Amino acid sequence: MPLRLPDRLPAIDILKNENIFVMDNSRATTQDIRPLRIAILNLMPLKITTETDLIRLLSNTPLQLEISFMKLKSHTPKNTPIEHMMMFYRDFAEMRNEKYDGMIVTGAPVEQLEFEDVLYWDEIKEIFTWARTHVTSTLYICWAAQAGLYYYYGVPKYPLAMKMFGIFPQTPLDPKLPIFRGFDDVFMMPHSRHTEIRREDILANPELTLIAESEDSGVSIVMARGGREFFITGHLEYAPNTLDNEYKRDKDVRKDVAPPLNYYKNNNPKNPPMVTWRSHANLFYTNWVNYYVYQETPYNIDDIK
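As the structure is a computational prediction, the values presented were derived from the model and not from experiment.

(A) Quick peek at the overall build of the chain. Along the chain, the regular secondary structure elements total 10 helices and 12 strands. Burial statistics for the chain: of 305 residues in total, 55% are counted as buried. As displayed, the chain has an accessible area near 14300 Å², and 50% of this comes from carbon and sulfur atoms.

Take a look at the structure:
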């Protein structure tokens, strides 16, 4: 897919080396089509890594996408150079009068806090309210999925006795949904979280539809408003080495860290990771862009409501 990205974004060179087709704004302006506008609210600490992961998955459709990165005014990231944030990100306040065909809200390293105790919770609530009338379809990932389900629908989260950490099989509950076109009966999804949402809370709310789950990792994907909202408890966007890096980082500072399950060959961390989720991750994002963004968004972007 021709992705319209800000000139000099680090992900461009990284992905070109992976033989993934991306396009900077200088070239994209020569194409006479209306690109789909996608906003990404990136709450992850390693911004450049997350940017690259998401752009990699958004690169598999023939549609042209224009990516805009959003940041919070109420939070200053510590692990990304301020120059990068100033060059490629805009505050929500600068974007609130614009409309977007699609939006992605990432996870954040605050899941063990109560939502109201998160320093930027008020701004998150404002963005969530805004998305309802300014975006055609939004993906909420991991903590953002829990936050969205709590804010919109009152669904609580619960602490886990042990971290959900690894790659777990998921079952689509309605394979005929467009989001699952081309999927197998079972697909794999990475998870890395200390809290969960529970099946009974989702089923108790008629506005929510549980569309994928796992016997091992529980609720996987929840859909609302006919596909205008998807809440994903795992990380289909993760690169092959993400869990490996996380495991090595944590075991160097704590002794109680277990290796991610179903990730290393024979569950032995001395072996390299096995990538078992990449094909379905690409398919999921392609289906989302095609069926829930492109097919549903109006040609005149100002008509989104």
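(B) Summary view of the pairing of strand β11 (residues 218-224). For β11, the tally of buried residues reaches 6 of 7 residues, placing the bulk of the element in the interior. Alignment of strand β10 (residues 208-214) against β11, held across 6 bridges, turns out to be antiparallel. When the bridges of β11 are listed, Leu 210 appears paired with Val 222. Between β10 and β11, which follow one another and run antiparallel, lie 3 residues. When β11 meets strand β12 (residues 229-232), the two strands line up antiparallel, connected through 4 bridges.

(C) Quick look at the packing of helix α6 (residues 121-134) against helix α7 (residues 143-153). As a packed pair, α6 and α7 sit with axes 11 Å apart at the nearest point and diverge in direction by 75°. As summarised for this structure, α6 and α7 are arranged roughly perpendicular, according to the angle between their axes. Contacts from Trp 121, Ile 124, Lys 125, Phe 128, Thr 129, Ala 131 and Arg 132 in α6 reach Trp 143, Ala 144, Ala 147, Gly 148, Tyr 150, Tyr 151, Tyr 152 and Tyr 153 in α7. A breakdown of the residues in the contact of α6 with α7 according to their chemical character gives 11 nonpolar, 2 polar and 2 charged.

(D) Inspection of the pattern of salt bridges at higher detail. Tallied over the entire structure, the rule returns 16 salt bridges. Arg 56 is the salt-bridge partner of Asp 53, the closest N and O atoms lying 3.1 Å from each other. Of this pair, Asp 53 and Arg 56 both sit in helix α3 (residues 47-57), 3 residues apart, which is roughly one turn of the helix. Since its relative accessible area comes to 17%, Arg 56 is described here as buried. Of the charged contacts, one joins Asp 250 and Lys 163 as a salt bridge, the two residues approaching to 3.8 Å between their closest N and O atoms.

(E) Region of interest: the confidence of the model for the chain. For the chain, per-residue confidence averages 90 on the pLDDT scale, and residues scoring 70 or more make up 90% of the total. With pLDDT under 50 throughout, residues 25-32 is counted as low confidence; its partners more than four residues away or in other chains account for 13 contacts.

(F) Highlighting the environment of Ile 104. Note that Ile 104 resides in strand β6 (residues 100-105). Sequence-wise, Ile 104 and Ala 144 are 40 residues apart; in three dimensions their C-alpha atoms are separated by 9.4 Å. Apart from residues lying up to four places away in sequence, Ile 104 is in contact with Ala 39, Ile 40, Leu 41, Leu 54, Leu 58, Leu 139, Ile 141, Tyr 285 and Trp 288.

(G) Fine view of helix α9 (residues 242-251). Of the positions making up α9, those classed as buried are Thr 242, Leu 243, Asp 244, Glu 246, Tyr 247 and Asp 250. Against the buried residues of α9 lie α3, β8 (158-172) and β9 (187-196).

(H) The environment of Ile 67, seen in detail. Its location among the elements puts Ile 67 in strand β4 (residues 65-71). Put simply, Ile 67 and Ile 40 are 27 residues apart on the chain and 7.3 Å apart in space, counted from C-alpha to C-alpha.

(I) Layout of the packing of aromatic side chains. Applying the stated rule across the entire model yields 27 aromatic pairs. Ring geometry for Trp 121 and Tyr 150: centres 6.2 Å apart, planes at 45°, overall tilted. Here Tyr 150 lies in helix α7 and Trp 121 lies in helix α6, a separation of 29 residues in the sequence. Relative accessible area serves as the criterion here: at 4%, Trp 121 is assigned to the buried category. Note on Phe 180 and Phe 183: the rings are 5.2 Å apart at their centroids and 65° apart in plane angle, and the pair reads as edge-to-face. Each member of the pair, Phe 180 together with Phe 183, is buried. Through a chain of ring-to-ring contacts, three or more aromatic side chains come together here, namely Phe 115, Tyr 120, Trp 121, Phe 128, Tyr 140, Trp 143, Tyr 150, Tyr 151, Tyr 152, Tyr 153 and Phe 231. Over the ring of Phe 165 we find Lys 163; its NZ or CZ atom is 4.3 Å from the centre of that ring. For the cation-ring pair, Arg 181 lies above Tyr 291, with the distance from its terminal atom to the ring centre recorded as 4.5 Å.

(J) Up close: unusual backbone geometry. One non-glycine residue, Arg 225, lies in the positive phi region at around 55°. Along the chain, the position of Arg 225 falls in the loop between β11 and β12. Positioned with a positive phi, Asn 266 is a non-glycine residue whose angle comes to about 60°. Within the element layout of this structure, Asn 266 appears in the loop between α9 and α10 (278-294).

Thresholds, definitions, all that
- Residues numbered from 1 in each chain as written.
- Predicted model: local features only at pLDDT ≥ 70, side-chain atom pairs only at ≥ 80, totals over all residues.
- Heavy atoms only, no water.
- Helix = DSSP H or I, 4+ residues; strand = E, 2+ residues; numbered from the N terminus.
- Buried < 20%, exposed > 50% of the residue type's maximum accessible area, 1.4 Å probe, protein only.
- Areas by Shrake-Rupley, 256 points an atom, 1.4 Å probe, with all protein chains shown as cover.
- Pairing = 2+ DSSP bridges.
- Axes fitted to C-alpha atoms, helices over the stretch in contact; angles between N-to-C directions.
- Parallel < 35°, antiparallel > 145°, perpendicular 65-115°, else oblique.
- Contact = heavy atoms within 4.5 Å.
- Nonpolar A, V, L, I, M, F, W, Y, C, P; charged D, E, K, R; others polar.
- Salt bridge = Lys/Arg side-chain N within 4 Å of Asp/Glu carboxyl O.
- pLDDT = per-residue confidence, 0-100.
- Phe/Tyr/Trp six-rings, centres within 6.5 Å; stacked < 30°, edge-to-face > 60°.
- Lys NZ or Arg CZ within 6 Å of the ring centre and 35° of its normal.

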